[in-house]
Structures are given as C-alpha cells and as structure tokens.
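# Structure at a glance
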Amino acid sequence: MLRTIATLTLLITMIISPVLAQDVIDKGKITVLMTDGRHKMNESDFKGAMVQFKEVLKLDENHAMAHFRISECHLRIRNYKYAQEYAAKARELDPEVDKELDYIEGQVLFKLGDIDKAESLFTRYKERLGEAALKESMVGRYLEDCAFARKAMADSADVKVMMLENNISSTYRDYAPVFSPDGKYLYFTSRRSDTKGGGIAGDYVYFEDVYVCKWDSVNNTWGEPDHMPGKLNSESHESVSSISADGSEMYVTVYTSDSKLTDIAVCRSRGDKPEDWGSPKLLPKRTINTSFFETSGSVSESGTVLYFISDRKTTIGSKTDNSMGRGDIFLAKREGRKGWAKPVNVGSHINTIDDENSVYVTPDGKYLFFSSNGLPGVGGYDIFVCKSVGENEWSEPVNLGYPINSVDDETHFKPDPEMRYAYYTSIRPGGAGQHDIYYADLSNLDLEALFK
C-alpha cells in the first residue's frame, strides 16, 4: 500500500514538475550509491567503493560526504596525494561533514610529511573526543609519532637512501628483498599483474610471487627482474624471507589450504643459481607452523636457531581465545633429528601489544633487525635493531632513525654481513608504487653508537 502511494506521488510529481522529479530520483540513486560504497569499504574493497562514490559526484559534484569517503579510500590504499585533494574539497564544501575529518586529514598530512599541520589536526580532534572514545582512539599514538618524527628528522643519520629501479620497484607492490650470500642475485616478492596464474587475492590485489634479478658487474646495477624459476611460485601466495649464511636454504612464506593462512617453508639449493632451488617444504606443524599465521623465517649462521613472526596465542597482550591478529617475534631451537623445539616468545621488551612484522638475524648472531608499529617511531612500521647480550638474549630495541625510517612503513631490513649497506621495503614520497625496494648506504652509520 505504501509503495503504491509513493509511486503515485512520484508520477504526480513528474507531471507537475519534471525537474523536481529528477531531483527525487537522483537523491534516491545517491542514497543507494553511498550505501553500496560503505558496504565495499567494510569489505576492504576500497577501489570498488571509490567507483560508487565517484558516481555520486557525477550526480552531485558538491556532495561533501562523497568527497570525504573518497579521501578515506585513497588513505587506505596509500594514495596520499589524492586523499589530501578530496579531504580538502570535503572541508571546503562542509567543514563539519564528518567528525572524523580532522583525524583522516591528519593521517594524510602526516604521511605526506607535513608534521606540523598533522599535529594541529590531531590535537583538535583529540580535544573533541570524550573520555571513552579517547581510550579507543589511536590519536594519542599519532601525536607521539609527530613528536618522534620531528626529533628524528632534526637528528637524521648520515645514511643515503635510494629506490631500486630497473623495474625492481614497480607500480605494483614490491617488497621483502633478499640477496644471495655471494651478492650475485637479488630475490624479492611482488604482487604485479604477471603473477603466476594472474589471480586476484581476497584483498583485491594480485597474488604474491617471488622474482629474481642478477647483478650486472659491468654496469654496476641490477638487471631486469624475472619470475623465480623452478617450482616455488604457484597460483597462490609465495614470499621470500631469507637465505641461510651458507646459501643452502631459502626460507619462504607460503599460503596453505589447511590453515587458510600463511606458513613457513624452506627450499634447499643444489647449486648457486636461481634455477637450483628445490620445491618448498613446510616446516613442522604444531611447533613452527600452527593454525595461526607464521612468516618471515630467519635462521642463525649455525642453522640451530630460527626466528620468525607469528600471531599465535602466546603473543604479548593476546587473549586466551584470540591472539588479536597481531604478530610477535618467536625463536625456536633445532634439536637434531627431532626437528624444532617448541618456539618461545622473545619477550615483552621487544614485542609489543601491537604488530611486529618481519625479522632478520645477522649471520654472526650479533644483531636482530625487525619492524614494529608498537614502539615509538617516525611513523607506521619502523625498523629497529637489538644487540646480542647473551645466548638468544637481546638488548632493548633501538630505532634506526631517519632517513632509514620515514613517516610511512619500513619493513624487511636486510644488511650485508659487513654492515656496509642494506636493502629493505619502504613506502615514501617519490616511490614507484605502494611498496618499493630501497638501498641504504650504511658506510657512515655507527651502529654501536646507537646502543650507548
């Protein structure tokens, strides 16, 4: 009955005023598009959500909320320049468009390196929050990052950082660089369109594959990358983590249908070329691999201690039934033919209630490098280092500072044994894509001085 009345009302309106009728129709379309866009955002389909919100702008170019939502989407997929443009337009159209506007635009400006403006917006946003909301918000952490980043930039280390080119860093996501012990090959992970099988994962990005390039000693540069030969890559996820000091083992992260998550596997080499690597073999279940996610395996020079990331129940701050989805660093000792002993958490002085992501132990066992977003940093995930103070015991972590760390994310730090240089993953202005691979010249970095 109500639908019939609404239909008759619309028909009468169309007869009396076609312009008014079209306005009613457009408003209905906008409501549907905005609702669909929000659903896609909740499913982390940010590109799909933007399609809906941009359709709204075709109907109403001054729709402040559509501009705000597009800004949010660009922030989530790290298109900060566009995120700022849409946030500024939303503010111009309606400064009160959404109570989160200061918070969202503050994050965008922080990622663009405008620390002062970001801090001002975070401060204003914090002042508007009630006590309960403030406890749940990350704004306090962002304000701490602003202060840390300002100090780190003022005390920047004498380190030169540059992005690797020759299609190693592409418009796609490129990360987790690992070089062979002889320095001839660079392996890395990428989610580019020529991934094996060409499939799209649940996060709407191409599946991970491992790529490799060879050092060109004539031109002193890396050659063009190609797919890792052999049977490592599949139509699912594969990511390279590390290579043992003797070059005989490559630790990789693979997706397994049993756990529906990632597990650690090892490939063994029959020579010193990329084609000599064998198929990945999963490490033992119930010790190294569990029903939680495991990744970023790195083994000591002796091959007797394995460091890795897991979000299993024994993470710092975990609940009895849920690890909160955040990773911690674990170590496991090899027990001869018995395999690996039960892993132990490296401790709360390193692991936080937030996320530790990617870990690497140097061949001499002297340093442990890892990334974390739970310790004071320049921004996002930062690279930290611990110094060995005993057998499998580590000092308090130290931030490597700026410019190694930036206002966005840095992960997968791999230095050469002499600490002359390092390769790692970074997201920063001037990059080729979302995640890029960078080279850091460490020749002037006094690592020992960081611990004094």
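Quick look at the structure, then.

Each value, and the rule that gives it
- By convention here, each chain's residues receive numbers from 1 onward along its written sequence.
- In keeping with the predicted nature of the model, local features appear solely for residues at pLDDT of at least 70, side-chain atom pairs appear and are counted solely at 80 or more, and the whole-chain, interface and lining totals rest on all residues.
- To obtain the side-chain values, all non-hydrogen atoms of the structure were included, while hydrogens and water were left out.
- Every helix listed is a DSSP run of H or I at least four residues long, and every strand listed is a run of E at least two residues long, numbered separately from the N terminus.
- We take the radius of gyration over the C-alpha atoms and set the globule estimate at 2.2 Å times the residue count to the 0.38 power.
- Using a 1.4 Å probe on the protein chains alone, a residue whose accessible area is under 20% of its type maximum counts as buried, one over 50% counts as exposed, and one in between counts as partly exposed.
- Two residues form a contact once any of their heavy atoms are found within 4.5 Å.
- Paired strands are those between which DSSP finds at least two bridges.
- Between rings of Phe, Tyr and Trp, where Trp is taken as its six-membered ring, a pair exists when centres lie within 6.5 Å; planes separated by under 30 degrees are stacked, by over 60 edge-to-face, and by other angles tilted.
- Put simply, a charge is over a ring when the Lys NZ or the Arg CZ is close to the ring centre, within 6 Å, and near the line of the ring normal, within 35 degrees.
- A residue counts as positive if it is Lys or Arg and as negative if it is Asp or Glu; His and the chain ends are not included.
- Whenever Lys or Arg places a side-chain nitrogen within 4 Å of a carboxyl oxygen from Asp or Glu, that contact is recorded as a salt bridge.
- Under the rule applied, a polar contact is a pair of N or O atoms within 3.5 Å (in protein, one hydrogen donor and one hydrogen acceptor; residues adjacent in sequence only if both atoms are side-chain atoms).
- In this analysis, the expected span of each helix is defined as 1.5 Å times one less than the number of residues it contains.
- The angle between two axes is taken between their N-to-C directions and runs from 0 to 180 degrees, where each axis is a line fitted to C-alpha atoms and a helix contributes only its stretch in contact.
- Angle categories are assigned with fixed cut-offs, so that under 35 degrees is roughly parallel, over 145 is roughly antiparallel, 65 to 115 is roughly perpendicular, and the rest are oblique.
- Crossings are assigned a handedness: left-handed for a near helix turned anticlockwise from the far helix by less than a right angle, right-handed for a clockwise turn.
- When residue character is reported, Ala, Val, Leu, Ile, Met, Phe, Trp, Tyr, Cys and Pro are called nonpolar, Asp, Glu, Lys and Arg charged, and the others, Gly included, polar.

When its secondary structure is counted, the protein shows 9 helices and 22 strands. The C-alpha atoms of the protein give a radius of gyration of 25 Å, which matches the 22 Å a tight globule of 452 residues would have. Along the three orthogonal principal directions, the C-alpha set of the protein runs to about 85 × 55 × 45 Å. Per-residue burial over the protein gives 51% buried out of 452 residues. The long-range fraction of contacts in the protein, counting pairs at least 24 apart against all pairs at least 6 apart in sequence, stands at 51%.

Spatial ordering of the open sheet is given by β7-β8-β9-β10, a layout of 4 strands whose pairing is antiparallel. The sheet is open, and its two edges are formed by β7 (238-243) and β10 (281-282), each paired on a single side.

Moving on: the packing of aromatic side chains. Under the defined criterion, the tally for this structure stands at 21 aromatic pairs. Ring geometry for Tyr-103 and Tyr-125: centres 4.8 Å apart, planes at 15°, overall stacked. With Tyr-103 in helix α6 (residues 101-111) and Tyr-125 in helix α7 (residues 115-128), this residue pair connects regions lying 22 residues apart in the sequence. On the basis of relative accessible area, Tyr-125 is assigned to the buried category, the value being 6%. Here the aromatic rings of Phe-369 and Phe-413 are separated by 5.1 Å at their centres, their planes lie at 35°, and the arrangement is tilted. Of this pair, Phe-369 sits in strand β16 (residues 367-372) while Phe-413 sits in strand β20 (residues 410-415), and the two are 44 residues apart along the sequence. Owing to a relative accessible area of 2%, Phe-369 belongs among the buried residues under this scheme. The buried category is assigned to Phe-413, whose relative accessible area is 4%. Every member of this aromatic cluster is reached through a ring pair, and the members are Phe-179, Trp-215, Trp-222, Tyr-421, Tyr-423 and Tyr-439. The ring of Tyr-211 has Arg-192 sitting right over it, with the charged end atom 5.0 Å from the ring centre. Between the NZ or CZ atom of Arg-428 and the centre of the ring of Tyr-438, over which it lies, the distance is 5.2 Å.

This part takes up the side chain of Asp-328. Topologically, Asp-328 is positioned in strand β13 (residues 328-333). One buried charged side chain, Asp-328, makes no salt bridge at all; its nearest oppositely charged neighbour is Arg-326, positioned 8.8 Å away. Looking at Asp-328, its side chain comes within polar contact range of the side chain of Asn-345, at 3.0 Å.

On to the pattern of salt bridges, then. The tally for this structure, following the rule as stated, stands at 26 salt bridges. Its salt-bridge partner being Asp-145, residue Arg-141 comes within 3.4 Å of it at the nearest N-O pair. Taken together, the positions of Arg-141 and Asp-145, both in helix α9 (residues 139-154) and 4 residues apart, correspond to about one turn of that helix. One connected set of salt bridges, linked through shared partners, spans Arg-91, Asp-102, Glu-105, Arg-124 and Arg-128.

Counted residue by residue, strand β11 (residues 294-299) has 5 buried out of 6 residues, so it is predominantly covered. For β11 and strand β12 (residues 305-310), the ladder comprises 4 bridges, and the chain directions are antiparallel. Across the sheet, Val-299 pairs through a bridge with Leu-306, a residue of β12. Connecting β11 to the next strand, β12, in antiparallel fashion are 5 residues, including Gly-303 with a positive phi near 80°.

Hydrogen bonds between backbone atoms are what pair the strands of a sheet, whose relative direction is either parallel or antiparallel. As summarised here, the arrangement of the 4 strands in space is β11-β12-β13-β14, forming an open sheet in which the pairing is antiparallel. Edge positions in the open sheet fall to β11 and β14 (344-345), since each of these has one partner strand only.

Here helix α3 (residues 46-59) contains 14 residues, and its C-alpha end-to-end distance of 20 Å stays within 8% of the 20 Å for a straight helix at 1.5 Å per residue. Every buried residue of α3 is listed here: Phe-46, Gly-48, Ala-49, Met-50, Gln-52, Phe-53, Val-56 and Leu-57.

A word on the packing of α7 against α9. Relative to each other, α7 and α9 sit at 155°, their axes nearing to 10 Å. The orientation of α7 relative to α9 falls into the category roughly antiparallel. Viewed along their axes, α7 and α9 form a crossing whose handedness is left-handed. Residue-level inspection shows Ile-115, Asp-116, Glu-119, Phe-122, Thr-123, Tyr-125 and Lys-126 of α7 in contact with α9, the latter providing Val-139, Tyr-142, Leu-143, Cys-146, Ala-149 and Arg-150. Of the residues belonging to the contact of α7 with α9, the class tally is 8 nonpolar, 1 polar and 4 charged.

What follows concerns the side chain of Lys-111. Note that Lys-111 resides in helix α6. Classification of Lys-111 as buried rests on a relative accessible area of 12%. Setting aside chain neighbours within four positions, we find Lys-111 in contact with Tyr-80, Gly-380, Val-407, Asp-408 and Pro-429.

Take the environment of Met-228 next. Examined against the element boundaries, Met-228 turns out to sit in the loop between β6 (226-227) and β7. Given the relative accessible area of 5%, Met-228 is considered buried. Through-space distance from the C-alpha of Met-228 to that of Gly-374 is 34 Å; in sequence the pair is 146 residues apart. Not counting residues within four places of it along the chain, the set of residues in contact with Met-228 comprises Tyr-187, Val-210, Tyr-211, Val-212, Asn-233, Met-250, Pro-274 and Trp-277.

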